[in-house]
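Residue-level structure breakdown
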Amino acid sequence: HNGGKDEGFRIKDWEIPTINTEESKQLIQWFETRTGKKPKTGKAFEQSDGLALSMLFELWYYSQYKDPVDQNEDVMKAFGQRFKTRLDSLDLTDAIATILALNRLYIWPPNSWLEELTTKQRDAFTILVEDKDFSILAIEKSPSGFVRLTHPHLSDVIYQAIRPKNTNRITRAHDLA
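Residues numbered from 1 in each chain as written. Predicted model: local features only at pLDDT ≥ 70, side-chain atom pairs only at ≥ 80, totals over all residues. Heavy atoms only, no water.

1. Observations regarding helix α4 (residues 93-103)
Burial analysis of α4 places eight of its 11 residues in the buried class, the great majority of the element. Against α3 (75-89), α5 (119-130), α6 (152-162) and α7 (169-176) lie the buried residues of α4. (Buried < 20%, exposed > 50% of the residue type's maximum accessible area, 1.4 Å probe, protein only. Helix = DSSP H or I, 4+ residues; strand = E, 2+ residues; numbered from the N terminus. Contact = heavy atoms within 4.5 Å.)

2. Comments concerning the packing of α4 against α6
Two quantities define a packed helix pair, namely the angle between the axes and the distance from one axis to the other. Two elements in contact, α4 and α6, have axes separated by 9 Å at closest approach and are oriented at 135°. By the angle between their axes, α4 is oblique relative to α6. The element α4 and its partner α6 pack so that their crossing is left-handed. In this structure, α4 contributes Thr93, Ala97, Leu100, Ala101 and Asn103 to the contact, and α6 contributes Pro152, Ser155, Ile158, Tyr159 and Ile162. In the contact of α4 with α6, the residues fall into seven nonpolar, three polar and no charged. (Axes fitted to C-alpha atoms, helices over the stretch in contact; angles between N-to-C directions. Parallel < 35°, antiparallel > 145°, perpendicular 65-115°, else oblique. Left-handed = near helix turned anticlockwise from the far one by under 90°. Nonpolar A, V, L, I, M, F, W, Y, C, P; charged D, E, K, R; others polar.)

3. A short note on unusual backbone geometry
You will see that Asp91, though not glycine, has its phi angle at about 55°, which is positive. Locating Asp91 in the fold gives a position in the loop between α3 and α4. Unusually for a residue other than glycine, Tyr106 sits at a positive phi of about 65°.

Any functional reading would require information beyond the geometric quantities listed.
Shown next, in the form of structure tokens:
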């Protein structure tokens, strides 16, 4: 055994605890204190063991819009759909689908994949990032040597919008091939 240097993957179990009901109340109080806004909440806060990212996204989303969408709407799914529209308009959907497919599974492809983007795609990606509506995407090569476009849960929401389960099974399989 060579200490794992010739292995394809190294897997380490690490459980991230979810947020319980009491902690979600504390998160709402923190948000109100920090922003001075009375927070609105949605589906993420209805779960007994919620995900912090989804909760924070909802707090942010509902604080941005005076007339937010219906409180029963899944704001993460709505976000994914709006983001898909932006990717389609910039002709970036297929260019980053594979990276999103991997990122949503907590797998970061090598930096060399960025070199495969055309100049037009790089320009479009720069426009998307500079738009400031969604500023956590990055196209720069990471010091780790791997590409992480955004948090895996956001990658999943966007990927689900661009490659719906019920209509793109073969395409989804090719994204991971």
